[in-house]
Amino acid sequence: MAILLSDSTRVIVQGITGREAVTFTKAMLDYGTRVVAGVTPGKEGHRVYGVPVYNCVETAMRNHEANTSVVSVPPGFAKDATFEAMDAGIELVNVFTERIPRGDVAQMIEFARQKGVRIVGPNSLGMISPGRVKLGPAGGPLSECNRAFTRGSVAVLSRSGGMLTETCSLLSQNGIGQSIAINIGGDPIVGSAFFDLLPLLEDDPETKAIVLFCEPGTFQEEETARFVKETSYSKRIVAFIAGSFVDTMPGMRFGHAAVIVHGESGATRTKAKVMREAGIVVVDFHSEIVAAVKKILNQS
Amino acid sequence: MRLYEFESKKILSSYSIPVPKGRVVTSSQEARIFAQEIGGPIALKAQVLATGRGKMGGVRFAESPQEAEQVAQEMLKAEIQGYAVKSLLVEERLDIERELYVGCTYDDVKKTPLIICSSLGGVDINEVSRKHPEKIHKSSISSFMGLQPYKAWELVQNLDLPAKLPWAAQAILLKLWGFFSQFDAILAEINPLVLTSRGELAALDAHIEIEDDALFRQKERLGRFQIEEREDKARPPTPFEIEAAQIDKADYRGVAGRVIQFDGNLGLLIGAGGGSLTTFDAILRYGGKPANYCEVGGNAPVSKICKLAKLVLSKPGVEGIAVITNVYSNSRVDFVARGLIKAMVELGMDLKSYPVLFRSAGAFEEEGYAILRKYGIRYYDRSVSMDEAAGLAVEMIKKGS
């Protein structure tokens, strides 16, 4: 399996009894993900689609060996829940919760670095290893996942959850499957930015090409370009940057919390320029991703 | 949420960071009275959330109370970046020797708090960071440890301050950090931090932004300074945008809002976040003229989509509507279709002749397409890309059908 997910992925869902968590727990189970336990303080003894619910992550871990957690709790509790998962020995935390204060996110990430834990998110719909494992709500119910995501050799990383599905659907419609599809999250600071995941993908034999769905705001794309250039990154990357009109409207917020441009900082024209200089193929229309990826796959 | 200068200074001064003597006024008479109290040269500063107001007549000076009254009268009639100037901060005018910069923010690459200082502060700080990056000193710090005194001391060594003042600068930096972490700020900068001819440091201007997503736990703290939660936009919202925001707020389920007004003829129902950005760009690239930006997603109910569709369809100058979304995983295509049709029917529109186009796919798409077929609305599934759909929408408006 590509990266982050594997045959040994065993998942707990924190906040499993919440409305959205119930829905995506069902979708994960249907997809074949091993959801071994859930946690909701005060709800120990309940079951969600057969998955036992515990009061604490620690007890859930004692009764079921888990290595991965999906955090779906209200924003004010997300830092605590993520700390709890990391303290109990979870190795990969996918934070679905959105609107977590930035100071909390910085602490979550700092603690993760100390513990050697990987965080994906916050504000991430999750990830899919097509036909094998799915984490979080990404892709929706089984039937929808199967229409949009197919197994193959292209890794898709996206700042937008909806456009992760759209991009994979577009590729699948054109006979191009995916090795892994990850919604890294729409926040200004995320645990796994593009530049954090590229090293893993470079070592992944299943991945032949990489697609990035980018947005205005943050220095993430600029840093990714710098990383690609400085390390002479070996795999070819295709990027689409949505929202170039945002460049003309400084100070206005669109979509995700991170989508805001101040002068040149976060502007899509800067991102496109530095990414191209780094050898990344930047396409102007989203649907042009297909031809660009095909070209790369045919060359390799 | 950005704070006004007078709010920022009120808070900073409560942390014993020195600020010029000042008062907020809303009339020219008050400006004159306060100028009299100060009894020397004064500065009048428009209280608006525009950046670079100094270059737009937002900061002026006066030598006498009479002049202050006159200048205040002119300023209170002015508009800066679309914002009416409702109040002025009247301050004693300091005799400035040098302008410095100190600030706290987050670094989205290192993912840590970042402390910044420079011996060259003032309005051209962005220019400084481009031309003299060596003059900008940055330090990433642990969000658990916070800014420690030794680190603040290290940083202020770069400010080239005369004897004893580095200690004062260190204290200011530590207090600024204290405020930044306690108030869930995402930006707190003193620019310029000035060195006066009397050899003292003072915060001449300050920019503070509080994390919107932390307001739930900062209400009380901000309330102590009479600061209430408010919408914070780059320009004042239009009546169209206000109405759209009300539709979105009235029902917590899903999103059918985040509308921004444009002056074109093509009404849009697009979604969700990244999908809206993608579609809007494609429409502009094909030469289309959007009447609005918006986001529809998160499984918004029919009633909410219907209200937003009605608002867009009724906007003066709109000659057609395009519904274009990404492949939905968690929203229902049939809800969007029903919302659109309900709006058109309730507005008494002719569904067969009015220019309308629909491109969505995903959950409940078959049900959605069946209804669209029934009402004779042209629709496209996932085999037509969002770009193609945007191109077709632009063509549709040009042809008028």
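Residue positions are given per chain, counted from 1 along the sequence in the order it is written. Chains carry letters from A onward and ligands carry numbers from 1 onward, assigned in written order. In view of the model being predicted, local features appear only for residues whose pLDDT reaches at least 70, and side-chain atom pairs are presented and counted only at 80 or more, with totals across whole chains, interfaces and linings using the full set of residues.

## Here we look at the overall build of chain B
Only DSSP runs of H or I covering at least 4 residues are called helices, and only runs of E covering at least 2 are called strands; the numbering of each starts at the N terminus. Looking only at helices and strands, chain B features 13 helices and 18 strands. With respect to the principal axes defined by its C-alpha atoms, chain B has extents near 80 × 50 × 40 Å. Between the buried cut of 20 or more and the exposed cut of 12 or fewer other C-beta atoms within 10 Å of a residue's own C-beta lies the partly exposed class, and all C-beta atoms are placed from the backbone. Within chain B, the fraction of its 401 residues that count as buried is 47%. Two residues form a contact once the distance between their C-beta atoms, set from the backbone, is within 7 Å. Taking as baseline every contact in chain B between residues at least 6 positions apart, the subset at least 24 positions apart corresponds to 71%.

## Observations concerning the interface of chain B and chain A
Between chain B and chain A, the residue contacts involve 45 residues of the former and 50 residues of the latter. Elements with a contribution of two residues or more to the side of chain B that touches chain A: β8 (112–118), α7 (215–223), α9 (273–285), β15 (292–297), β16 (320–328) and α13 (386–399) of chain B. Three residue categories are used. Nonpolar comprises Ala, Val, Leu, Ile, Met, Phe, Trp, Tyr, Cys and Pro, charged comprises Asp, Glu, Lys and Arg, and polar comprises the others, including Gly. Grouping the amino acids of the side of chain B that touches chain A by side-chain chemistry returns 17 nonpolar, 17 polar and eleven charged.

## Some thoughts on helix α2 (residues 28–38) of chain B
Residue and element names in this part refer to chain B. Among the residues of α2, S28, A31, R32, F34 and A35 are the ones counted as buried. On its buried face, α2 is in contact with β1 (22–25), β2 (42–46), β3 (59–62), α3 (65–75) and β6 (88–92). Once α2 ends, the next one or two residues include G39, with phi positive near 70 degrees.

## Topic: the sheet that holds strand β11 (residues 178–183) of chain A
Residue and element names in this part refer to chain A. Strand pairing requires that DSSP identify at least two bridges connecting the strands. The seven strands lie next to each other as β9-β8-β11-β10-β12-β13-β14, forming an open sheet whose pairing is mixed. With partners counted over all chains shown, the strands left at the sheet margins are β9 (133–135) and β14 (281–283), one partner each. When strand polarity is set aside, the average angle formed by the axes of neighbouring strands in this sheet is 15 degrees. The pairing of strand β8 (residues 126–129) with β11 spans three bridges and is classified as antiparallel. When the bridges of β11 are listed, I128 appears paired with A181. Axis lines are fitted to C-alpha atoms, over the contacting stretch for helices. Their N-to-C directions set the angle, which ranges from 0 to 180 degrees. Packing against the sheet, helix α6 (residues 161–173) makes contact with β10 (151–158), β11 and β12 (209–214), and its axis sits at approximately 150 degrees to β10.

## With respect to the sheet that holds β3(B)
Residue and element names in this part refer to chain B. Read from one edge to the other, the open sheet built from four strands follows the order β1-β6-β2-β3, with strand pairing classed as antiparallel. Two strands bound the open sheet, and with one partner strand each, they are β1 and β3. If you compare each strand with its neighbour and ignore which way they point, the axes differ by 25 degrees on average. Across the sheet, α2 is in contact with β1, β2, β3 and β6; its angle to β6 comes to roughly 15 degrees. Of the strands in this sheet, β1, β2, β3 and β6 touch α3, which is tilted by about 10 degrees from β2.

## Side note on the confidence of the model for chain B
pLDDT gives the predictor's per-residue confidence on a scale running from 0 to 100. Within chain B, residue pLDDT values average 94, and 100% of them lie at 70 or more. For this predicted complex, the interface confidence reaches an ipTM of 0.95, while the overall pTM sits at 0.95.

## Re the environment of B:G103
Residue and element names in this part refer to chain B. Within the secondary structure layout, G103 lies in strand β7 (residues 96–107). With 23 C-beta atoms counted inside 10 Å, the residue G103 sits in the buried group. Placed 103 residues apart in sequence, G103 and A206 show a C-alpha to C-alpha distance of 9.2 Å. The contacts of G103, once residues within four sequence positions are left out, are I116, A188, E189, I190 and N191.

## Comments concerning the packing of helix α8 (residues 239–250) of chain B against helix α10 (residues 302–313) of chain B
Residue and element names in this part refer to chain B. Closest axis-to-axis distance for the α8/α10 pair is 9 Å, and the angle between their directions is 170 degrees. Judged on the interaxial angle alone, α10 and α8 are roughly antiparallel. Contacts from E243, A244 and I247 in α8 reach K304, K307, L308 and L311 in α10. Across the contact of α8 with α10, the residue classes tally to four nonpolar, no polar and three charged. An angle counts as roughly parallel when it lies under 35 degrees, as roughly antiparallel when it exceeds 145, as roughly perpendicular when it falls between 65 and 115, and as oblique in every other case.

## Notes on the nonpolar core
Counting residues in each nonpolar core, the largest one holds 207 residues, and the members touching the most others are A:A239, B:L173, B:L176, B:L269, B:L340 and B:A393. The greatest single-element share of this core, amounting to eight residues, is contributed by helix α11 (residues 333–346) of chain B. Split by domain, the residues of this core number at least three in each of domain 2 (96–223) and domain 3 (239–399) of chain B. Sequence-distant contacts of B:L176, that is, excluding residues within four places in its chain, are made with B:I17, B:V102, B:C104, B:A188 and B:I190. Buried Ala, Val, Leu, Ile, Met, Phe, Trp, Tyr and Cys residues form a nonpolar core when they are connected through C-beta atoms within 7 Å. For every domain, the bounds stem from an assignment made automatically or drawn from a database.

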